[in-house]
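If you want the building blocks of each chain, they are given just below.
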There are 2 protein chains.
Amino acid sequence: MTRILKVAALGTAIAAAAFGFAHAAESKPEDVLKFRQGIMQAIKVNFGPIGAVVKGEAPYSEDTANRAANLAALAKIAPQTYAKGTETIPNSKTKGDAWTKPEFAARFEAFQIETAKLAQVAKANDAEALKAQFGAVAKTCKGCHDNFKEE
Amino acid sequence: MTRILKVAALGTAIAAAAFGFAHAAESKPEDVLKFRQGIMQAIKVNFGPIGAVVKGEAPYSEDTANRAANLAALAKIAPQTYAKGTETIPNSKTKGDAWTKPEFAARFEAFQIETAKLAQVAKANDAEALKAQFGAVAKTCKGCHDNFKEE
């Protein structure tokens, strides 16, 4: 096993153990979907205004730091909404084979790591650092949506 | 000013300063509403399964502790979705005069305090303590919904 694969496997194991993938879904499927959509909605609504600051369309403010902290908190919750047992929820846009791919859990771990960094970076008004870290977060979103979300 | 009023005023000041009420809403009204509904949805979906454990309809598990931690995290975010400037969002079920009542902010503070306690209590399988603290959280939800949410 190469080092990269080992790290990936470790990451997946950590994600599964610590981030909720291993939790049984005790809610009704429609409630799990609502949970998932609610958290994703909240993520989207916090992500957008940080992007506006990065693009220079809005000024940096306390709101930027606040939204970055929200993203980090929401990222901790997000994988729980994809717990084992939620592979076949009607009307979900998540591809059914996502749960069979170790990368799926690893992506959530990356999302958590990068949003935690963003929450730190966004405490200061440093346009360059914010742009770089915002990009790192966006990459984790895109990586997962491209592979595991139906259009 | 009586002691109770002073405490209430202090609580409101703390809530306004620390919990996001003072933040300007930089998002479009419809996005703020989505944010609010997303967070409330997530709260509801985490609250229910803890209630099932309290009622004895489901066994205590790691999931219970997890959901209680989620509630505490979501409670920190919730008041931001009611930031100043969001008093008149179309299709919102929040009563328009809520923002004029000091109790509105105070209720969110109580919600945060009680969910933080619940997150602590739910780490152990103590049915009596869980029931009591779940009740305390439920009271903060009800207090706010009864007064500030349209039916």
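These notes cover the structure that comes with them. (Residues numbered from 1 in each chain as written. Chains lettered and ligands numbered in written order. Predicted model: local features only at pLDDT ≥ 70, side-chain atom pairs only at ≥ 80, totals over all residues. Heavy atoms only, no water.)

## Things to note about the overall build of chain A
Argument step 1. Counting its regular elements, chain A contains five helices and zero strands.
Argument step 2. Counted from the first residue to the last, chain A has its helices and strands arranged as α-α-α-α-α.
Argument step 3. Here chain A holds 151 residues, and the buried ones make up 43% of them.
Argument step 4. Look at the contacts in chain A between residues 6 or more apart in sequence, and 77% of them connect residues 24 or more apart.
Argument step 5. Of the accessible surface of chain A, which amounts to about 7800 Å², a share of 58% is contributed by carbon and sulfur atoms. (Helix = DSSP H or I, 4+ residues; strand = E, 2+ residues; numbered from the N terminus. Buried < 20%, exposed > 50% of the residue type's maximum accessible area, 1.4 Å probe, protein only. Contact = heavy atoms within 4.5 Å. Areas by Shrake-Rupley, 256 points an atom, 1.4 Å probe, with all protein chains shown as cover.)

## Digging into the packing of helix 2 (residues 29–54) of chain B against helix 5 (residues 127–148) of chain B
All names here are of chain B.
Argument step 1. Remark: helix 2 packs on helix 5, axes separated minimally by 10 Å, with the N-to-C direction vectors making an angle of 140 degrees. The angle between helix 2 and helix 5 falls in the class oblique. Here helix 2 and helix 5 pass one another in a crossing that is left-handed. For the pair helix 2 and helix 5, the contacting residues are Phe47, Ile50, Gly51, Val53 and Val54 in the first and Leu130, Lys131, Phe134, Val137 and Ala138 in the second.
Argument step 2. Residues that form the contact of helix 2 with helix 5 fall into these classes: eight nonpolar, one polar and one charged. (Axes fitted to C-alpha atoms, helices over the stretch in contact; angles between N-to-C directions. Parallel < 35°, antiparallel > 145°, perpendicular 65-115°, else oblique. Left-handed = near helix turned anticlockwise from the far one by under 90°. Nonpolar A, V, L, I, M, F, W, Y, C, P; charged D, E, K, R; others polar.)

## Some words on the nonpolar core
Argument step 1. A:Ile39 and B:Ile39 are the most contacted members of the largest nonpolar core, which has 53 residues in total.
Argument step 2. When residues of this core are traced back to their parent elements, those giving at least two are helix 2 (29–54), helix 3 (62–77), helix 4 (102–121) and helix 5 (127–148) of chain A together with helix 2, helix 3 (62–77), helix 4 (102–121) and helix 5 of chain B.
Argument step 3. By residue number, the principal contributor to this core is helix 2 of chain B, which donates eight residues.
Argument step 4. Those residues in contact with A:Ile39, other than ones at most four positions away along the chain, are A:Leu74, A:Ile77, A:Ala78, A:Thr81, B:Ala42 and B:Leu74. (Core = buried A, V, L, I, M, F, W, Y, C linked by side-chain atoms within 4.5 Å.)

## Notes on the interface of chain B and chain A
Argument step 1. Counting residues at the interface gives 24 residues for chain B and 24 residues for chain A.
Argument step 2. Between chain B and chain A, a total of about 2200 Å² is buried, with carbon and sulfur atoms accounting for 52% of that surface.
Argument step 3. Viewed at the interface, chain A and chain B are joined by zero salt bridges.
Argument step 4. Where chain B packs against chain A, one counts four residue pairs in polar contact (both at pLDDT 80 or more).
Argument step 5. At the level of secondary structure, the elements contributing two or more residues to the side of chain B that touches chain A comprise helix 2 and helix 3 of chain B.
Argument step 6. Top contributing element to the side of chain B that touches chain A by residue count: helix 2 of chain B, with ten residues.
Argument step 7. Of the residues contributing to the side of chain B that touches chain A, the split by class is nine nonpolar, nine polar and six charged. (Buried area = accessible area lost by both parts, 1.4 Å probe. Salt bridge = Lys/Arg side-chain N within 4 Å of Asp/Glu carboxyl O. Polar contact = N/O pair within 3.5 Å; in protein donor to acceptor, adjacent residues only side chain to side chain.)

Remember that the coordinates give geometry; whether it matters functionally is a separate question.
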